Amino acid sequence: GAWLPFWTRGAVVVAGGIFNIRGGYTIVLKMLSEFTDVFGGPGRRVRATGRCLRTTVVSRTRKGALSSLNLSAAGQAEVSRTLSMGRTVGYLERLLVYVLVLNGQWAALGLVVAAKSIARFPELKNQDFSDYYLIGTLTSLLVAVASAMVVLRLV
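Please read these numbers as outputs of a predicted model, since none were measured by experiment.

Trainee: Before we move on, can you summarise a nonpolar patch on the surface with the specific residues and values?
Mentor: Together, Trp 106, Met 149 and Leu 152 give the surface a local cluster of nonpolar side chains, amounting to about 280 Å² of exposed area. Note on placement: Leu 152 falls in helix H4 (residues 127–154).

Next up, the structure:
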């Protein structure tokens, strides 16, 4: 990577970060959509956050899908808010892991996973949710680590 000019190396690092945010989201969403019937398929009531919500993982990507679930306006707003927060946590998680790997801070990855698990501990008692959570988290970590390794190889 020494043959690359400084600004090109910076552009590669920034491009990797952008890929983690946007491309990582698409990869994680695709992986999780394979398990929609396990966790909250249409018409199925799921107890993941201590309250029952009728929703699907894939619904958030389709315009108007939340209204087709026969939720009240308040229920739609709550589901939409919850999905938006989860998406934001995923963006930040992948970006943090990406920066940690670029800086060689491998031990800190354990802290990221531990902090996320502690925050979700009460919900992990639900087997369907815990499997869904692990698939999403591990896919997200894999995308971030793999993209950081590619960037490190290039620069």
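The discussion continues.
Trainee: Go over the confidence of the model for the protein chain with me, naming the residues and quoting the values.
Mentor: Scored by pLDDT, the protein chain has a mean of 75; 68% of the residues are at 70 or more. The low-confidence segment residues 38–69 (pLDDT under 50) makes 60 contacts with residues lying over four places distant or belonging to another chain.

Trainee: Could you give me a rundown of the packing of aromatic side chains, with the residues and numbers involved?
Mentor: What the rule picks out here adds up to 1 aromatic pair. Each ring, one from Tyr 25 and one from Tyr 91, has its centre 5.9 Å from the other, and the planes form 70°; the classification is edge-to-face. In this pair, Tyr 25 sits in helix H1 (residues 6–33) while Tyr 91 sits in helix H2 (residues 73–102), placing the two residues 66 residues apart along the sequence. Tyr 91 matches Tyr 25 in its accessibility class, with the two residues each being buried.

Trainee: Give me the side chain of Arg 94: which residues, what numbers.
Mentor: The topology assignment puts Arg 94 in helix H2. Of the buried charged residues, Arg 94 lacks a salt bridge, with Glu 93 as the closest side chain of opposite charge at 5.8 Å. A polar contact is formed between the side chain of Arg 94 and the side chain of Ser 140, at a distance of 3.2 Å. Apart from the residues within four sequence positions on either side, Arg 94 is in contact with Asn 20, Ile 21, Gly 24, Tyr 25, Val 28, Ser 140, Val 143 and Ala 144.

Trainee: Can you explain the nonpolar core? Please cite residues and give values.
Mentor: Residues Val 97, Tyr 98, Leu 100, Val 101, Leu 109, Val 112, Leu 141, Ala 144, Ala 148 and Val 151 constitute the largest nonpolar core, which totals 10 residues. Mapped by element, the contributors of at least two residues to this core are H2, helix H3 (107–119) and H4. Those residues within four positions of Leu 141 in sequence are excluded, and the remaining contacts are Glu 93, Val 97 and Val 113.

Trainee: Describe H1, and please don't skip the residues or the numbers.
Mentor: Helix length check: H1, at 28 residues, gives a terminal C-alpha distance of 40 Å against a target of 40 Å (1.5 Å per residue), a fit within 8%. Thr 8, Gly 16, Gly 17, Asn 20, Gly 23, Gly 24, Tyr 25, Val 28, Leu 29 and Leu 32 are the residues of H1 that are buried.

Trainee: For the packing of H3 against H4, give the residues involved together with the corresponding values.
Mentor: Where H3 contacts H4, the axes come no closer than 12 Å and their chain directions differ by 155°. Comparing the axis directions of H3 and H4 gives the class roughly antiparallel. Two packed elements cross with a definite hand, and for H3 against H4 that hand is right-handed. Between H3 and H4, the contacting residues are Leu 109, Val 113, Lys 116 and Ser 117 on the first element and Tyr 133, Thr 137, Leu 141 and Val 145 on the second. Grouping the constituent residues of the contact of H3 with H4 by class yields 5 nonpolar, 2 polar and 1 charged.

The rules behind each value
- Residues take numbers from 1 onward in each chain, read along the sequence in its written order.
- With pLDDT at 70 or above as the cut-off, local features in this predicted model cover only qualifying residues; side-chain atom pairs require 80 or more to be listed or tallied, and sums for whole chains, interfaces and linings still use all residues.
- Hydrogens and waters are ignored; side-chain quantities use all the structure's heavy atoms.
- Patch building starts from residues that exceed 30% relative accessible area and form no salt bridge, then joins like charges within 9 Å and nonpolar side chains (Val, Leu, Ile, Met, Phe, Trp, Tyr) within 5 Å.
- Only the protein chains shown count as covering a residue, and every accessible area follows the Shrake-Rupley method with a 1.4 Å probe.
- Salt bridge, as used here: a side-chain nitrogen of Lys or Arg that lies within 4 Å of a carboxyl oxygen of Asp or Glu.
- We count a stretch as a helix when DSSP gives it H or I for four or more residues in a row; a strand needs E for two or more, and each element gets its number in order from the N terminus.
- Scored between 0 and 100, pLDDT is the confidence that the predictor attaches to each residue.
- Contact between two residues is taken to exist if any of their heavy atoms lie within 4.5 Å; hydrogens are not considered.
- Put simply, two rings from Phe, Tyr or Trp (the six-membered ring, in Trp's case) pair if the centres are within 6.5 Å, and we call them stacked under 30 degrees between planes, edge-to-face over 60, tilted for the rest.
- The rule is simple: take the accessible area with a 1.4 Å probe, protein chains only, and divide by the maximum for that residue type; under 20% is buried, over 50% is exposed, in between is partly exposed.
- We count Lys and Arg on the positive side and Asp and Glu on the negative side, and we leave His and both chain ends out.
- We call two N or O atoms a polar contact when they sit within 3.5 Å, provided that within protein one can donate a hydrogen and the other can accept it, with sequence-adjacent residues counted only if both atoms are side-chain atoms.
- Grouping buried Ala, Val, Leu, Ile, Met, Phe, Trp, Tyr and Cys residues that are joined through side-chain atoms within 4.5 Å yields what is termed a nonpolar core.
- An expected span of 1.5 Å times one less than the residue number is assigned to each helix.
- Fitting a line to C-alpha atoms yields each axis, with helices limited to the stretch in contact; the angle taken between N-to-C directions then spans 0 to 180 degrees.
- Here is the rule for angles: anything less than 35 degrees is roughly parallel, anything more than 145 is roughly antiparallel, 65 through 115 is roughly perpendicular, and the remaining ranges are oblique.
- Each crossing gets its handedness from the near helix: less than a right angle anticlockwise from the far helix is left-handed, clockwise is right-handed.
- Nonpolar residues are Ala, Val, Leu, Ile, Met, Phe, Trp, Tyr, Cys and Pro. Charged residues are Asp, Glu, Lys and Arg, and all others, Gly as well, are polar.

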